[in-house]
Structures are given as structure tokens and as C-alpha cells.
Amino acid sequence: MPDADLVVHGAAELVVGPGGGVRDLELVEDGALAVENGRVAAVGPTDGVCREYPPERAGKTIDATGRTVLPGFVDPHTHALFTGDRSDEFVARIEGKTYTEIMEAGGGIPVTVEAVREASEDDLVDALCGQLDVMLAHGTTTAEVKSGYGLDTETELRMLAAIERADERHPVDLVPTFMGAHAVPEDTDTDEYVDQVVEDQLPAVADQGIAQFCDVFCEAGVFDVEQSRRVLEAGREHGLAPKIHAEEFSRIGGAQLAADLDATSADHLLQATVEDGRALAEAGVVPTLLPATAFALGEAYADPEPFLDAGAPLALGTDLNPSCFVHSMPFVVSLSCLRMGLGPETAIRGATHDAALALDPGDGTGPLADGAGTLAEGTAADLAVVDLPSHVHMAANAGTNRVDTVLADGDLVVADGEVLRGQWAGGEAAIGGDASDGAGGDGA
Ligand code: NIG
Ligand code: FE
């Protein structure tokens, strides 16, 4: 019988992946999982897995009794790469200012743009790795990260280069998105800026070869539908699959545009209608809801029903950015249940498999193709062990981090709730080195 590198056994509940309908999960009670060479070798009831892979012959074991094991979270929408400080805006929001009012008063994205333009590539890599450590501590093993705080060719390229270097250094797998059309630089005409994005930034980004998606902030007062279409069509010509910030503060037609362009995802959707839900579902665009943004900005939450009723799988993300300091996908799951009425199964699915779907360019590359968001034979061994007995308990626990163990590609990267960052801090040591004897395993 083969030996495993690692066996996780006795999980009160093991989340395998999506179930039959868009609201369902597949669960195993008293579940186990074996890991070989960074991939899942077997998954199922503890009896069967441990017969095939006896824990006493495994390199390492994790006793998950009383705990939930699930695929590492996939965060499909972040602006996690930023520098600077916008805490004054937090206070302004508490005093009742809206996102748009803050932007009009000189706050918002331009403040971060100024800071990022001054940051070196090394500074940016360190800043991003710092955010990724926090995300990893909450069980995220795959995350999308957008550029969009440069708004000029040089800085946008520097952001994407920093994302690539952070991906190489850090155990969280990154999916890079070019978002030169995140805002219009000060004293610039919007159409002229769209020309710059299309004629200067996009060709340079394509040459650099790092970005996988192109995103645009389609919003009243930012980029209208025609300007957004120009950006996304040009992105596609350069090999970047489209994503879109759509119908966030105003409903101007971004969801319909996403459907027309067969975009990979349409994100935010606070103002989207039943008609928009149907259009996205028919076109196979993944609606991606970001309830932490509504939470942080004091906006009304998106309604998930139009999308689910239309048969669309629903993705959930943090939208981590300087106006939404939320790193935690478990918190997003709780918020989705408590404030958007999602069932816990639907929410966990949206934070794992369906989030990977929102990062699937459809060409056989990307995290979904690697098995992100699912635990099945052959998928990447990315998983979280949560010190709660079921996904329902997870959804109910909104205020504390109960993730105690995380594996990324089979390597132990969080143990006893502690991020083992010595493995990658400073980018020196290789992942999977000497820390694998750390806490977390407890013998069989
Ligand atoms: O998705 N909507 C635009 N972009 C971000 C906010 C970015 C920022 O405020 O820095 C978002 O919410
Ligand atoms: Fe965003």
C-alpha cells in the first residue's frame, strides 16, 4: 500500500466541492484526505482513506476530530496591492460621507495612486506579501490581485511585476488582473485616458506578459459603457479575458456589457436586476458579489436571488482595498448568510469552487484547472482546517478567526492558527522547508 506525505483524518465534516445545484455543496461526515507530492491522492470517509493510506505510515498526520476541513478559500476580487494611508476616509464615512462624496473631495483612489507611484517595486512586493499573510491566516490559498493604482504605463507595469514576484515568494497563488481603467487621473479627459489605456498601457502590459485579466470600473462618473467596452475589447485583443466592476452605485448597463462580451465575471452588482441576472446566467458570466464592500461603505447589500434563480453559480470575494479592510473569506461567508440571505452551503461554495470559476479564463489555464476550490483526487492540496464542527458553524462564527491549519500545495503554511511566515519572509527560504515539523500535526 502506498505511503502518503500527509493524511488528514477524522474531520467532523469535510467539504469536497460543489453539489448538484448552484446552491449545493458536497459534504462527507467523518472525512479524511491523503496528500502526495502536493496533490490530493485520496479523499472520502476516514475508514476508506486510512485503509488505503494508513496514517501510521504517512510522513505527517493531522487529526481533524471535531473540525471542518474544506478547500482553501479562493478570493476572486482584491485590490490587495496598495501603499499609503486612507484612515481619514474611514472617519469621514462614519460621519456619513458616501464613497462618491469622498472621491469628489479629493479622497479615494487618487490618494492611493499618489502613494503607489512613489513606491519601489520592492516596497510593493513587501506590502502585498504582508496582506497575503493575513489572508492566508484566514484560509485563503488563491487570490486575484488587480493593478489600478498606477494609472500610467510605468506604474501599472510595476504593480504587475510586484504581483508576479509576490506570487513566486508567497504560498498564496495569485491571479494578476490589469486594471488601468480603475479611475481617471486628475486633470485628464476620460476619453483621452481611455486612449492611453488602449494605445499605451495595454500593449505594454501584453508585452510584459504577466496579467491574465483586464478589468474596468464601469460606473457613472468613471467609465461609461462605451468606454468600458473599448477597454475590455482591447484587452481581449491582447489576450486578457474581461472582468468588470458593474452596477455598483448606479445601474448603467455594465452587466449587459459583461454578457455581450462573454466576460469571465461581473462584480459588485448592488444595483443589478432580475433581467441582469438572466443575461449573466445565459452568457455564462459568473456574478461575483462583494458584501464586505457594502458593509464597509454602508451601502445596501446585493440581492443574490436573481442570479441563483437564473441558474448562475455565484462567487464571493473580499474586495480588499484601502476603503474595505476585509481580508477574511470566512467573514465574507458569514456576511453573505446574515445580510444577503445565502444558505451556508451556497456561501461556502461561492467562496471556494465558484470563486475559482470567476477566475477561469476558459482556456484550460488558471486555478480552476488546477483544482482550486475542490478537494478531489488530483487537485492541488490547498485546504483549511477550521476549529468548528461544520460549515454551518463556520457561517455562524462571524467575528473570530477559527482557521487553525492551512496547507498550500501540500505544504503546512498555517499551524495552530499561526502563519509560518519564516518560510517566505524576505523571500529567502523555500516553501516546504524546515517548518514542516512545526505544530499542527499530532500523530495518529
Ligand atoms: O472595488 N470600485 C472601485 N474600486 C474599489 C475601491 C478601490 C479604492 O477605493 O481604493 C472597489 O470597491
Ligand atoms: Fe473592486
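Keep in mind that what you see is a predicted model, and the values were worked out from it rather than measured.

Draft legend 1. Representation of the domain arrangement of the protein chain in the model. Taken domain by domain, the protein chain consists of domain 1 (6-71 + 373-419) and domain 2 (73-370). Relative placement of domain 1 and domain 2: their C-alpha centres are 29 Å apart. The partner domain 2 presents 32 residues to the 33 residues of domain 1 that form the contact. Summing both partners gives a buried area of about 2600 Å² for domain 1 against domain 2, and 62% of it is carried by carbon and sulfur.

Draft legend 2. A look at the coordination of the iron ion (ligand 2). Protein coordination at the iron ion (ligand 2): the donors are His77 (NE2), His79 (NE2), His245 (NE2) and Asp319 (OD), at 2.0 to 2.7 Å from the metal. Residue histidine 77 is classed as buried on the basis of its relative accessible area of 0%. Since its relative accessible area comes to 3%, histidine 79 is described here as buried.

Draft legend 3. Quick peek at the nonpolar core. By size, the foremost hydrophobic cluster in this structure holds 103 residues, and its most contacted members are Leu128, Leu174, Phe178, Ile244 and Leu269. At 8 residues, the largest contribution of residues to this core is made by helix α5 (residues 121-137). When residues of this core are assigned to domains, at least three fall in each of domain 1 (6-71 + 373-419) and domain 2 (73-370). Excluding residues within four positions of it along the chain, leucine 174 makes contact with Leu128, Leu132, Ala143, Val145, Ile163, Ala166 and Asp167. The next biggest cluster of nonpolar side chains, apart from the first, holds 20 residues, and it includes Leu6, Leu14, Val69 and Val385.

Draft legend 4. Structural view of a nonpolar patch on the surface. Taken together, the side chains of Phe90, Val91 and Ile94 define a hydrophobic patch exposed on the protein surface, amounting to about 310 Å² of accessible area. Residue placement: phenylalanine 90 occurs in helix α2 (residues 87-94). On the accessibility criterion, phenylalanine 90 (49% relative accessible area) is partly exposed.

Draft legend 5. Up close: the packing of aromatic side chains. Inspection of every chain in the model, using the stated rule, returns 4 aromatic pairs. Aromatic side chains phenylalanine 82 and phenylalanine 325 sit 5.6 Å apart centroid to centroid with 85° between the ring planes, which places their arrangement in the edge-to-face category. Of this pair, phenylalanine 82 sits in the loop between β6 (73-75) and α2 while phenylalanine 325 sits in the loop between β13 (315-316) and α13 (329-340), and the two are 243 residues apart along the sequence. Of the residues examined, phenylalanine 82 reaches a relative accessible area of 6% and is grouped as buried. Take phenylalanine 325: its relative accessible area is 53%, and that puts it in the exposed class. Directly above the ring of phenylalanine 213 sits lysine 243, whose terminal nitrogen or CZ lies 5.2 Å from the centroid.

Draft legend 6. Inspection of the site of ligand 1 at higher detail. Taken together, 16 residues sit near ligand 1, with Arg86, Tyr99, Tyr149, His182 and Asp319 positioned nearest. Here a nitrogen atom of ligand 1 and a side-chain polar atom of glutamate 248 are 3.3 Å apart. Contact with the protein chains hides 99% of the accessible area of ligand 1, taken as 330 Å² for the molecule alone. Class assignment of the residues belonging to the shell around ligand 1 gives a composition of 5 nonpolar, 8 polar and 3 charged.

Draft legend 7. How the structure looks around the pattern of salt bridges. As enumerated under the stated definition, the model contains 21 salt bridges in all. Residue arginine 230 is joined to aspartate 195 by a salt bridge in which the shortest nitrogen-to-oxygen separation is 2.9 Å. Taken together, the positions of arginine 230 in helix α8 (residues 225-237) and aspartate 195 in helix α7 (residues 190-208) put the pair 35 residues apart, joining distant regions of the chain. The exposure class of arginine 230 is partly exposed, given its relative accessible area of 34%. Among the salt bridges present, the one from arginine 251 reaches aspartate 276, with a minimum N-O distance of 2.8 Å. You can see arginine 251 sitting in the loop between β10 (241-246) and α9 (254-260) and its partner aspartate 276 sitting in helix α10 (residues 274-283), a full 25 residues away along the chain. When its relative accessible area of 43% is taken as the criterion, arginine 251 is described as partly exposed. Overall, the relative accessible area of 2% leaves aspartate 276 in the buried class. Connected via shared salt-bridge partners are Glu226, Arg229, Glu233 and Asp260.

Rules used in this analysis
- Residues numbered from 1 in each chain as written.
- Chains lettered and ligands numbered in written order.
- Predicted model: local features only at pLDDT ≥ 70, side-chain atom pairs only at ≥ 80, totals over all residues.
- Heavy atoms only, no water.
- Domains from an automatic or database assignment.
- Contact = heavy atoms within 4.5 Å.
- Buried area = accessible area lost by both parts, 1.4 Å probe.
- Donors = N, O, S within 2.8 Å, 3.2 Å for Na, K, Ca; no water.
- Buried < 20%, exposed > 50% of the residue type's maximum accessible area, 1.4 Å probe, protein only.
- Core = buried A, V, L, I, M, F, W, Y, C linked by side-chain atoms within 4.5 Å.
- Helix = DSSP H or I, 4+ residues; strand = E, 2+ residues; numbered from the N terminus.
- Patch = residues over 30% accessible without salt bridge, like charges linked within 9 Å, V, L, I, M, F, W, Y side chains within 5 Å.
- Areas by Shrake-Rupley, 256 points an atom, 1.4 Å probe, with all protein chains shown as cover.
- Salt bridge = Lys/Arg side-chain N within 4 Å of Asp/Glu carboxyl O.
- Phe/Tyr/Trp six-rings, centres within 6.5 Å; stacked < 30°, edge-to-face > 60°.
- Lys NZ or Arg CZ within 6 Å of the ring centre and 35° of its normal.
- Near = heavy atom within 4 Å.
- Polar contact = N/O pair within 3.5 Å; in protein donor to acceptor, adjacent residues only side chain to side chain.
- Nonpolar A, V, L, I, M, F, W, Y, C, P; charged D, E, K, R; others polar.

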